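Structure at a glance
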Amino acid sequence: MPAGLIDSCFAALRRVMPPACLLCGDRARESGLCAGCERAVPRLDSARCPICAAPAPAGQVCGRCLKSPPRFDRVVAALAYAHPVDSLVQALKYDGSLASARPLAWALAYALEPEPYPDLVLAMPLAPSRLAARGFNQAAEIARLVCREFGIAAANDVVQRVRPGVPQASLPWKERARNVRGAFLCSSDLARRRVAVVDDVLTTGATLDALAAELKRCGAIEVVGWIAARTL
């Protein structure tokens, strides 16, 4: 069956059987959520660090970024990692609910509207062993939807994760930087390029920091995190 006919069939099916909201089961909108759940998802307060997007009184640079400036330049984060956003992230990452990427990407695309376009967009890479076990990269799913919204393409072959390490969520904060040190390898020339890195959640920023170091080693002049949810 031609691709155009398949799309038409799916469009007709959606009109007859509209998709259900991922959170409450009511009629969903393009975001994958209903109007009420769209309004209810927790967004970040405007008073946050302009570098790492952590909550900060008056929106000044936080003490952590002053003491140890990260290798990434700044973070654009859409949502607070709190209920029910945490449920969407966990459903995507651990239950294979690819539909849960849609509301995360929708919120991120909305937060990115005033941002300038980068030269390159890439998803936070997974180690091959973890990618094989999971079957997909949750960051790549979010990146694909965000890039489709802006009519750009994500690059999937610029950088690889060459050392798996222990899952960051299982480690104390102080051990996370050590866990991802030397974890990434970039073999591309990124001279004078501005790079955006898409990920689902940012906590300490250690993984983004390690990747930014490698991207800048290859010539990138700016690395910005495009993050669906930021822990508080």
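The present account deals with the structure reproduced in this document. (Residues numbered from 1 in each chain as written. Predicted model: local features only at pLDDT ≥ 70, side-chain atom pairs only at ≥ 80, totals over all residues. Heavy atoms only, no water.)

1. Considerations on the environment of A91
By secondary structure assignment, the location of A91 is in helix α4 (residues 85-95). Taking the C-alpha atoms as reference points, A91 and A101, 10 residues apart in sequence, are found 9.1 Å from one another. Setting aside anything within four residues of it in sequence, one finds A91 in contact with G96, S97 and S100. (Helix = DSSP H or I, 4+ residues; strand = E, 2+ residues; numbered from the N terminus. Contact = heavy atoms within 4.5 Å.)

2. Topic: the sheet that holds strand β5 (residues 194-202)
Strand order in the open sheet formed by 4 strands is β1-β6-β5-β2, with parallel pairing between adjacent strands. For this open sheet the edge positions go to β1 (74-80) and β2 (120-123), each flanked by a neighbour on one side alone. Put simply, the sheet's adjacent strands are angled 20 degrees from each other on average, direction ignored. Taken together, the 6 bridges between β1 and strand β6 (residues 222-230) define a ladder with parallel strand orientation. Its bridge partner being in β6, R74 is matched across the sheet by V224. On the sheet, helix α7 (residues 138-150) packs against β2, β5 and β6 and is oriented at approximately 125 degrees with respect to β5. (Pairing = 2+ DSSP bridges. Axes fitted to C-alpha atoms, helices over the stretch in contact; angles between N-to-C directions.)

3. Digging into the state of the cysteines
Two cysteines form a disulfide when their sulfur atoms are joined by a covalent bond. Evaluation of the coordinates by the stated rule reveals 0 disulfides. Considering cysteine sulfurs only, C24 is the nearest to C34, which forms no disulfide, with 3.5 Å between them. Judged by relative accessible area, C34 falls into the buried class, the value being 6%. (Disulfide = S-S within 2.5 Å. Buried < 20%, exposed > 50% of the residue type's maximum accessible area, 1.4 Å probe, protein only.)

4. Observations regarding the side chain of D199
Within the secondary structure layout, D199 lies in strand β5. Of the buried charged residues, D199 lacks a salt bridge, with K93 as the closest side chain of opposite charge at 6.3 Å. (Lys, Arg positive; Asp, Glu negative; His and termini not counted. Salt bridge = Lys/Arg side-chain N within 4 Å of Asp/Glu carboxyl O.)

5. Describing the pattern of salt bridges
In the structure shown here, the tally under the stated rule is 8 salt bridges. Put simply, E38 and R29 hold a salt bridge, and the shortest N to O gap is 3.0 Å. For E38, a relative accessible area of 10% puts it in the buried group. The partly exposed category is assigned to R29, whose relative accessible area is 47%. Of the charged contacts in the structure, one is a salt bridge between R74 and E115, with a shortest N-O distance of 2.7 Å. Residue R74 is located in strand β1, and its partner E115 is located in the loop between α5 (101-111) and β2; the two are separated by 41 residues in the primary sequence. According to the relative accessible area criterion, R74 is partly exposed, its value standing at 23%.

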